[in-house]
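Secondary and tertiary structure notes
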Amino acid sequence: MRRVAKLSAACIATAALALTATACGSTSSDNSSSSSSSGGGGKGIKIGLAYDVGGRGDRSFNDSAARGADKAEKEFGGSIKELTAKNSDTEADREQRLTDLADAGYNPIVAVGFSYATSVDKVAAKYPKVSFGLIDSVATAKNVDSITFTEEQGSYLAGVAAALKTKKNHVGFIGGVDTPLIKKFAAGYVQGVKDTNAKAKVDVQYLTHGSDLSGFSSPDKGKEAASGMLDNGADVVYTAAGSSGNGAIEAVHGVKGAWAIGVDSDQYNIPGLAAYKTSILTSMVKNVDVGVYDFIKSVHDGKPLTGNQIYSLAKGGVGLATSGGYIDDIKSQLDAAKKKIVDGTVKVKTTT
């Protein structure tokens, strides 16, 4: 049975050495790291996961990574150790989190999110026999598998769907933080909307800026931003903001005729969002779980992946979820748009 415990900073180092987690300190995920471990008695593969803010349970990005690790653990046996980032993290905190996992014998170690880019390169150099996976950024260390996605391509399709479903010729995009990564989502979405309906207005808003990563874990901010867009006339809102998107979906559900577009996971099928699923038009699914599983399997097989593995639309790395059947009526248009991207007829921008 999996057990989850919340660890204070004081007990992380001790807990990281244990094969099963014990609880001490704060119970707030915002002020502590979390750890989980499952059975295996020391046998099988020992998977270390360093989550981005929000951690397991964000119903989006981190949960997708968790699904990949869970699949690998189930298939190969062993254990999983999880540590979660805080909004207040410094570079030293991220380095320490990865170091704790390496010192405890976890291999492979997956760093979930671009914020770990610098720390992965530093720590990987110190542990050349450990295989590291880095999601959403490209590392330089030789023992790192960089797992990246063409978010702009999947977001283009989300824009096509939004343009075809809006009744007001007015849609919106909410990004968690104005980073180059999230701007890829925005760029693809805006292009998809405009290529489909040049007259449509697209509002773009970011919840936080610069080094403030709380935009990925603040459902209240997501709800406020979405409410503002809806009040201003938008009737389709796409949010790429981690767990902040949960608040945006809730806001959209409160407005008759409005649609939300989810991200990363198929949010229509997320139990915690079941009350709002009739308002989730589709989700731009980013198959982080596939990348994480592929990486862990490569380590298990003794042939660790390194370099940059790009999961594109053509390779099934990104795409639109069809749960709910709300985009079934526009399938032909979406298929046509996808074909143009795959065959190179349409080049999707990564910046607006």
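Residues numbered from 1 in each chain as written. Predicted model: local features only at pLDDT ≥ 70, side-chain atom pairs only at ≥ 80, totals over all residues. Heavy atoms only, no water.

Per an unreviewed UniProt entry, the protein is named BMP family ABC transporter substrate-binding protein, and its organism is Streptomyces gilvifuscus. If you open the UniProt record of the protein and go to Subcellular location (unreviewed entry), you find "Cell membrane". Recorded in UniProt for the protein, the comment headed Sequence similarities (unreviewed entry) runs: "Belongs to the BMP lipoprotein family." (UniProt positions renumbered as here; feature names shortened; annotations may be inferred.)

**Notes on the overall build of the protein**
Helix and strand content of the protein: 10 helices and 14 strands. Counting all 352 residues of the protein, 59% fall into the buried class. The long-range share in the protein, meaning contacts at least 24 apart out of those at least 6 apart in sequence, stands at 70%. Total accessible area computed for the protein in this model is approximately 14100 Å², and 52% of it derives from carbon and sulfur atoms. (Helix = DSSP H or I, 4+ residues; strand = E, 2+ residues; numbered from the N terminus. Buried < 20%, exposed > 50% of the residue type's maximum accessible area, 1.4 Å probe, protein only. Contact = heavy atoms within 4.5 Å. Areas by Shrake-Rupley, 256 points an atom, 1.4 Å probe, with all protein chains shown as cover.)

**What about the sheet that holds strand S6 (residues 132-135)?**
Strand order in the open sheet made by the 6 strands is S4-S3-S5-S6-S7-S13, with parallel pairing throughout. Of all strands in the sheet, those bounded by a partner on one side alone are strand S4 (78-84) and strand S13 (307-311). Neighbouring strand axes in the sheet, compared pairwise and without regard to direction, differ in orientation by 20° on average. Pairing geometry for S6 and strand S7 (residues 144-149), over 4 bridges, is parallel. Paired with phenylalanine 132 across the two strands is valine 144, which belongs to S7. (Pairing = 2+ DSSP bridges. Axes fitted to C-alpha atoms, helices over the stretch in contact; angles between N-to-C directions.)

**Structural notes on the sheet that holds strand S10 (residues 236-240)**
On the basis of which strands lie adjacent, the open sheet formed by 6 strands has the order S9-S8-S10-S11-S12-S14 and mixed pairing. Two strands in the sheet have a free side with no partner beyond their single neighbour: strand S9 (201-208) and strand S14 (318-320). The sheet shows a mean angle of 15° between the axes of neighbouring strands, taken without regard to direction. The pairing of S10 with strand S11 (residues 259-264) spans 3 bridges and is classified as parallel. Counted as the bridge partner of valine 237 is alanine 260 from S11. This element, helix H6 (residues 180-196), spans strand S8 (170-177), S9, S10, S11 and strand S12 (280-286) of the sheet and lies at about 170° to S8.

**A few points about the environment of threonine 90**
With respect to the element layout, threonine 90 can be found in the loop between S4 and helix H3 (91-103). It is 9.8 Å that separates the C-alpha atoms of threonine 90 and serine 211, two residues lying 121 residues apart in sequence.

**Regarding the packing of H3 against helix H4 (residues 117-126)**
At a minimum axis separation of 9 Å, H3 and H4 run at an interaxial angle of 45°. Of the possible angle classes, the one that applies to H3 and H4 is oblique. Of the two possible hands of crossing, H3 and H4 adopt the one that is right-handed. Only Thr118, Ser119, Val120, Lys122 and Val123 of H4 make contact with H3, whose side of the interface consists of Glu91, Arg94, Glu95, Leu98 and Thr99. Split into classes, the residues belonging to the contact of H3 with H4 amount to 3 nonpolar, 3 polar and 4 charged. (Parallel < 35°, antiparallel > 145°, perpendicular 65-115°, else oblique. Left-handed = near helix turned anticlockwise from the far one by under 90°. Nonpolar A, V, L, I, M, F, W, Y, C, P; charged D, E, K, R; others polar.)

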